[in-house]
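Results of the structural survey
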Amino acid sequence: MNQDEPVDPHLVAETWSRRWPECRPIAHELTFAYNNRWVRFHSLPGSKRYPDTESEYAVVLHRHNTVLDELDIRGPLLVITADWTDAAGTSFDLRQTRARLAADGVHWQTVLEDPEHPAYTQLHISTRPWKTGIVDDILRAVADDELGGVILAPADLRWLYHPYDGGADVILPTPAERDTLEERHRTWLSADPSGL
């Protein structure tokens, strides 16, 4: 897939099933499904959750972009965003943050998260040509807890990057690659033994 081609939802679904068979494409489930290849980085010193100043936003964006640069994207960046609905249908309020920041996203799939309390995750995919800062608008909205369930990845889905308000979860192809990245940014890790 190159950045001039439209996203093929079927191809992305096939690639996901092959690369990540143990988990649905639900961002918060990845940590548990791939714990042996997962590392979490906090986005501010002292594990502070939310930025209050422009200098703190600069630190948040610097940390995200540093890791994304190191992950070697090699082509377009796949951007998976989410909305939540009470029904399986996909009608949305276009004023929502996801619609505003990822307006070119195509509907990828609907996931029923909890059958006992019906809530549906509506996943959308788009691509952006990678360069440092290309997803700063999305990362800033995530940092402010205005947007959730985001997954960033290369087109071949060989690694997954889930930014959340407070940091990012990274799922790598192997435990060794996880260990290398973790060691490189040891000061950004949680002090909690669980890594959370």
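Structure: above.
Just so it is clear, the structure is predicted and the values come from calculations on it, not from any experiment. (Residues numbered from 1 in each chain as written. Predicted model: local features only at pLDDT ≥ 70, side-chain atom pairs only at ≥ 80, totals over all residues. Heavy atoms only, no water.)

Quick word on the packing of aromatic side chains
Two descriptors summarise a pair of aromatic rings, namely the distance from one centre to the other and the angle between the planes of the rings. In total, this model carries three aromatic pairs according to the counting rule given. A centroid spacing of 6.2 Å and a plane angle of 65° characterise the contact between Trp16 and Trp108, whose relative ring orientation is edge-to-face. Remark: Trp108 occurs in strand β3 (residues 106-112) and Trp16 occurs in helix α1 (residues 9-19); sequence separation between them is 92 residues. Each member of the pair, Trp16 as well as Trp108, carries the same accessibility label: buried. Here the aromatic rings of Phe41 and Trp188 are separated by 6.2 Å at their centres, their planes lie at 90°, and the arrangement is edge-to-face. Taken together, the residues Phe41 in strand β1 (residues 38-42) and Trp188 in the segment after α6 (175-184) connect sequence positions 147 residues apart. For Trp188, a relative accessible area of 11% translates into the label buried. (Phe/Tyr/Trp six-rings, centres within 6.5 Å; stacked < 30°, edge-to-face > 60°. Helix = DSSP H or I, 4+ residues; strand = E, 2+ residues; numbered from the N terminus. Buried < 20%, exposed > 50% of the residue type's maximum accessible area, 1.4 Å probe, protein only.)

Some points on the pattern of salt bridges
Where side chains of opposite charge bring their charged atoms close, a pairing between them can arise. This structure, assessed with the given rule, holds 13 salt bridges. Residue Arg178 pairs with Asp179 through a salt bridge whose shortest N-O separation is 2.7 Å. Given a relative accessible area of 14%, Arg178 falls into the buried group. Given a relative accessible area of 37%, Asp179 falls into the partly exposed group. For Glu183, the salt bridge goes to Arg186, with nearest N and O atoms at 2.9 Å. One continuous salt-bridge network, built from bridges that share partners, spans Arg19, Asp156 and Arg158. (Salt bridge = Lys/Arg side-chain N within 4 Å of Asp/Glu carboxyl O.)

Considerations on the side chain of Arg158
On the secondary structure map, Arg158 appears in the loop between β5 (151-154) and β6 (160-164). When its relative accessible area of 13% is taken as the criterion, Arg158 is described as buried. There is a polar contact of 2.2 Å between the side chain of Arg158 and the backbone oxygen of Asp72. A distance of 2.8 Å separates the side chain of Arg158 from the side chain of Asp156, its partner in a polar contact. With residues near it in sequence (within four places) discarded, Arg158 still touches Arg19, Trp20, Leu71, Asp72, Ile73, Arg74, Leu172 and Pro173. (Polar contact = N/O pair within 3.5 Å; in protein donor to acceptor, adjacent residues only side chain to side chain. Contact = heavy atoms within 4.5 Å.)

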